[in-house]
Amino acid sequence: IATNHPLNIIISGPPGRGKSLITYKLAEVLFGSDNQTLSLPHSNIMFISSDFIINSYEKKHSAVITVSEIKEINNFLQHKIQRNQKRLVIIDGAENMNLHSSNALHKTLEHQCNATHIVLTTHKLHNLLATIRSRCQNIYLPPLSFKEFSLFLHKEYPDQKRILNHQELFKT
């Protein structure tokens, strides 16, 4: 993300479309070196999820992203970074923010510095406040077509060709 790219991005689309993978690749572009993959945790990346507790692999008891978790972003952004460094905040499953956490994120988006990028992933864009959507560039990942899905299965699971002959399984 160069200086002319948006600071805030929403990656939206149906579940299983690769939104989390894209955010990881974005983090690799910002913080990875040319000859190795990104090592996590990273001091300039904060990850909030509706599934896991911040900076932990411990499963959450509730899928709601709370206001206290969003306030952790502000604590994270208070830490000094070296000149020409960037920070990245990823909120995975942003549709699970409640009203209080959504309002707290809105305030953070209004007052962030140019060295910070915030990426939200969601499969329910309409659940995000309009004031949050208006401060972010939306990247929509449409559902895979049967042909795209079939090509993926052929590549990743070549032994399962008989499944691909049953298109009716994939109709919605």
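Residues numbered from 1 in each chain as written. Predicted model: local features only at pLDDT ≥ 70, side-chain atom pairs only at ≥ 80, totals over all residues. Heavy atoms only, no water.

Caption draft 1: Summary view of the side chain of glutamate 95. For glutamate 95, the location among the structural elements is in the loop between β3 (87-92) and α3 (99-110). Salt bridges are absent for the buried glutamate 95, whose nearest opposite-charge side chain, lysine 124, sits at 6.3 Å. For glutamate 95, the side chain forms a polar contact with the side chain of histidine 123, separated by 3.3 Å. Setting aside chain neighbours within four positions, we find glutamate 95 in contact with Thr121, Thr122, His123, Lys124, Asn127 and Leu128. (Helix = DSSP H or I, 4+ residues; strand = E, 2+ residues; numbered from the N terminus. Buried < 20%, exposed > 50% of the residue type's maximum accessible area, 1.4 Å probe, protein only. Lys, Arg positive; Asp, Glu negative; His and termini not counted. Salt bridge = Lys/Arg side-chain N within 4 Å of Asp/Glu carboxyl O. Polar contact = N/O pair within 3.5 Å; in protein donor to acceptor, adjacent residues only side chain to side chain. Contact = heavy atoms within 4.5 Å.)

Caption draft 2: Seen up close, the confidence of the model for the protein chain. Mean pLDDT over the protein chain stands at 81; residues scoring 70 or higher make up 77%. Per-element averaging of pLDDT across the protein chain places helix α6 (residues 161-164) at the bottom with 56 and helix α4 (residues 130-133) at the top with 96. (pLDDT = per-residue confidence, 0-100.)

Caption draft 3: Focus on the sheet that holds strand β5 (residues 137-140). Overall, parallel pairing links the five strands, which are arranged β2-β3-β4-β1-β5 in an open sheet. Looking at the sheet topology across the chains shown, the edges are occupied by β2 (45-49) and β5. Neighbour-to-neighbour, the strand axes of the sheet open up by a mean angle of 15°, direction not taken into account. Direction of pairing for strand β1 (residues 8-12) relative to strand β4 (residues 116-122): parallel, over a ladder of five bridges. In the sheet register, isoleucine 10 faces β4, and the bridge partner there is leucine 120. Taken strand by strand, helix α2 (residues 67-78) contacts β2, β3 and β4, and its axis lies near 175° from that of β3. (Pairing = 2+ DSSP bridges. Axes fitted to C-alpha atoms, helices over the stretch in contact; angles between N-to-C directions.)

Caption draft 4: Spotlight on the pairing of β1. Taking burial as the measure, the five residues of β1 include five buried ones, the bulk of the element. On β1, burial covers both faces: Asn8, Ile10 and Ser12 on one face and Ile9 and Ile11 on the other are all buried. By the bridge criterion, four bridges tie β1 to β5 in an arrangement that is parallel. Looking at the pairing, isoleucine 11 lines up with isoleucine 139 of β5.

Caption draft 5: How the structure looks around the nonpolar core. Judged by nonpolar contacts, the single largest core of 20 residues is most densely connected at Ile70, Ile73, Val89, Ile91, Met97, Leu105 and Leu120. At the level of elements, β2, α2, β3, α3 and β4 are the ones that each hand at least two residues to this core. Ranked by residue count, the leading element in this core is α2, at four residues. With eleven residues, the next largest nonpolar core counts Leu26, Leu30, Ile45 and Ile90 among its residues. (Core = buried A, V, L, I, M, F, W, Y, C linked by side-chain atoms within 4.5 Å.)

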